[in-house]
Structures are given as C-alpha cells and as structure tokens.
Amino acid sequence: TFQMGAAMSPSGKYAGGFTASIAPDDSFQYSPTIVDLETGEVYEFGPYPESLYYLTQTMAITDQGLLFISDGSNGGQIAIDLTGNIFIPEAPAGFTSKPDIQGTSADGKYWVGYGMKGKVGEEPAPCKALLWTDGVPAELPWPDLNYRNEEVWYGGMARGISANGEIIYGTSWENWDFGMLYWVNNGANTEKPKWVGEDVREVWEETMKNSDGTEYTTHLVNGLICQAQLTKISPNGKWIASSYRTETPAEDRLSIVTTQTAAFYNTETETTTIVSDYGESVGVHVTDDGIGFIGIGTLGISSGAVYDLNTGTDLGSTQEWVYDNYGIIIPAGYINRISADGKFVFGTSAQASAMGTSFINWYIAPPLEK
C-alpha cells in the first residue's frame with residue numbers, strides 16, 4: 001500500500017507510511033497513514049499537495065503514533081500524530097539544515113537523527129548526530145578521530161535507539177567509511193561513543209597507488225559498519241546487528257578489495273560474533289535473547305536467514321523461521337524488527353515486475369478480536 005517503505009513502532013503498536021495519488025492538476029499529493037496493528041484501525045490524513053509536503057520516505061513511528069516522514073522539497077521532515085496534527089522537528093540553534101529523525105524509543109521520550117551545522121570544507125565535520133529529549137534537540141559527542149583513525153572531515157549520524165532508550169547507534173559517513181558506533185544514553189550524553197565491534201577492529205597503514213602510478217599512504221580498516229539501516233538494535237540495547245567488513249589492497253594496489261559478513265555486537269560483554277556461514281551478508285536485526293536476523297547479500301537483499309547467537313545454530317530461512325514460530329506463510333525476504341514480546345514482526349520482501357524490482361514491507365500481528 002505505502003510508497004517508499006513503512007515503519008513499525010518499537011513495540012509493534014503502530015505501523016505508518018504514506019500513499020501517493022494524482023491531483024486534478026496532474027501533480028502528486030500525499031496521504032500520511034497510520035495503522036493500529038492491535039485493532040486494525042486506520043488513520044489516514046490529507047491528501048496534501050506536493051507543493052506543501054513533498055513526502056519521499058517514511059523513517060520512524062513511535063508507540064504513541066507519531067509518524068516521521070521526510071520532505072524532499074523543503075528538507076527535514078514532517079511529524080504527524082493520530083489526530084492529524086503536523087509539526088516540523090527542529091535542530092539545535094546554529095544548524096544550517098532541518099534535521100532528519102531516524103528512530104525513537106518506545107515511550108517517545110527520545111528521538112535520534114542528524115543535521116548539518118555548516119558546509120563541507122567550510123566547517124569541521126558539519127554533519128552532526130542528534131538526540132532529542134522530550135522534543136528538545138542536542139548534539140551528541142563524536143570521536144576525536146574517524147573510522148580510519150584520521151581527521152574527521154564530514155561526521156555522521158545517529159541511526160537508531162533501543163526501545164528502552166538506553167543505547168543509541170549511528171554511523172560515520174565519510175566516503176566509503178560507514179563505521180558503526182554507539183552511545184550509552186545516560187541523560188547527560190557527555191561521553192563520546194565507542195566503535196561497535198572494537199574488539200575485532202583493526203586499523204593499519206598501507207601504501208596505495210593512483211592511476212598515474214604515484215603512491216600515497218592511507219589507513220585500511222577491518223571493522224563493523226552500518227549504512228542507512230534503522231532497526232539494527234535489540235529492544236533493551238544488549239545486542240547490535242552489523243556487518244564485519246575487511247579491506248585488502250588489490251594486487252596492483254590501485255583499489256581495495258572488500259568482504260562483508262553478518263556480525264552482532266554484545267554491548268554488555270563488548271564482544272563481537274561474526275557469522276560467516278552465509279557468505280556475503282548483513283546483520284539486519286537482533287532480539288534481546290540473541291536471535292539474529294540476517295540478509296543474504298549486501299545490495300538489493302531478497303532473502304534472509306535466522307541465527308541463534310547463543311548456540312551458533314542456523315534456524316532456517318526467514319520463511320521457515322516464521323512458519324515454525326507463527327504458523328503462517330510469508331513472502332521471501334528478511335526481518336527488520338520484532339517487538340520485545342515477539343508478537344509483532346516487520347519485514348521486507350523483493351517484488352519483481354515489468355518496471356523492475358521493488359521492495360515491499362509486511363507485518364505479522366496477533367489476530368484481531370472478533
């Protein structure tokens with residue numbers, strides 16, 4: 001139903017997104033929509049003309065039904081609640097862009113995301129990770145050095161937060177450097193983040209070549225990375241899903257050869273479990289008790305697997321695991337999020353058509369009362 005994805009709230013109370021339709025003047029118009037997964041009730045608002053809100057991507061929704069959708073024309077996002085009330089989230093003073101909210105805690109007290117504070121080249125590390133507490137934004141601290149142990153020049157984002165609000169994760173965003181890091185949300189947020197998978201992270205210096213044969217020195221990294229995935233943390237923040245990427249100079253030293261496998265980090269023991277059973281893969285989500293959900297491949301993922309991190313056991317494909325645990329048949333794909341009580345599941349599947357491959361979201365919820 002929804003264009004450009006959907007989002008499920010941390011506890012599975014709501015799912016949200018938007019639909020697009022054609023206005024009389026042939027422009028697009030958009031209808032933000034929220035579904036109560038417990039009752040089946042649908043809240044639909046608008047349609048709003050694209051000249052007012054040019055909605056492009058659904059990002060997050062709280063357990064209170066506050067839905068965040070990116071505005072591709074005006075920048076930033078709209079936030080819309082169950083009554084249809086709309087407001088524009090604000091960045092801290094001094095920021096030069098409207099912010100993007102990427103995730104929320106279950107109680108809606110905390111939101112995380114990012115914003116720009118200046119321009120690349122004009123300001124040091126202008127992209128800043130942000131945390132909102134009761135709607136009030138603040139900058140999160142950043143490491144002194146970037147993913148390659150070099151000077152920070154762009155910065156990065158906060159991408160997600162545990163349902164209980166205690167652990168925030170994010171990513172650096174400097175060229176190919178998607179280094180994953182995390183903060184402990186202690187209320188003051190004065191501590192700098194740690195790199196996810198610090199126990200397996202290796203940084204070293206290599207001499208590489210330009211196409212004209214001249215040499216230069218850079219740092220290579222084996223470590224845990226994350227791109228724009230927003231549901232990689234377990235509800236209580238104990239586990240973070242990730243990918244372990246290795247870098248090796250090509251024989252001619254003109255390029256870097258990489259491998260990428262699913263990995264999961266335990267924030268309590270500060271140890272990493274690398275899952276190499278599935279070849280090129282991505283850790284997508286994980287439960288509090290260590291059940292990991294894996295996407296097979298790294299781009300355009302269309303299938304998934306489930307893995308028990310406690311026993312090192314394969315629990316089957318996404319379809320097999322859902323059938324074994326819920327007794328229903330789902331499309332092929334992978335799982336993005338599961339509520340802490342296991343009653344609500346949110347997933348993604350690839351759908352082929354004459355127009356190409358698109359990715360659709362689906363959810364599993366308890367049967368509605370009759």
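All values reported here derive from a predicted model rather than from experimental measurement.

Bringing the sheet that holds strand β15 (residues 167–172) into the picture now. Sheet architecture is open: 4 strands sit in the order β14-β15-β16-β17, paired in antiparallel fashion. At either margin of the open sheet sits one strand with a lone partner, and together these are β14 (156–161) and β17 (194–195). Sheet topology places β14 next to β15; 5 bridges connect them, and they run antiparallel. Each residue of the ladder has a partner; that of G160, found in β15, is Y169.

Now for the sheet that holds strand β20 (residues 239–249). Taken together, 5 strands build an open sheet; the order of strands is β18-β19-β20-β21-β22 and the sheet is antiparallel. The open sheet has two edge strands, β18 (202–209) and β22 (271–275), and neither has a second partner. If you compare each strand with its neighbour and ignore which way they point, the axes differ by 35° on average.

In low-pLDDT segments, the atomic positions of the prediction should not be examined closely. Per-residue pLDDT for the protein chain has a mean of 93; in total, 99% of the residues score no lower than 70. Element-level pLDDT for the protein chain is lowest in strand β29 (residues 356–364), with a mean of 81, against a maximum mean of 98 in β22.

Time to look at the side chain of Q102. Its location among the elements puts Q102 in strand β10 (residues 100–104). A distance of 2.6 Å separates polar atoms of two side chains, one belonging to Q102 and the other to R159. When residues no more than four places from it in sequence are discounted, the contact partners of Q102 are M59, A60, V112, G113, Y114, A158, R159 and L230.

The rules behind each value
- Residues numbered from 1 in each chain as written.
- Predicted model: local features only at pLDDT ≥ 70, side-chain atom pairs only at ≥ 80, totals over all residues.
- Heavy atoms only, no water.
- Pairing = 2+ DSSP bridges.
- Helix = DSSP H or I, 4+ residues; strand = E, 2+ residues; numbered from the N terminus.
- Axes fitted to C-alpha atoms, helices over the stretch in contact; angles between N-to-C directions.
- pLDDT = per-residue confidence, 0-100.
- Polar contact = N/O pair within 3.5 Å; in protein donor to acceptor, adjacent residues only side chain to side chain.
- Contact = heavy atoms within 4.5 Å.

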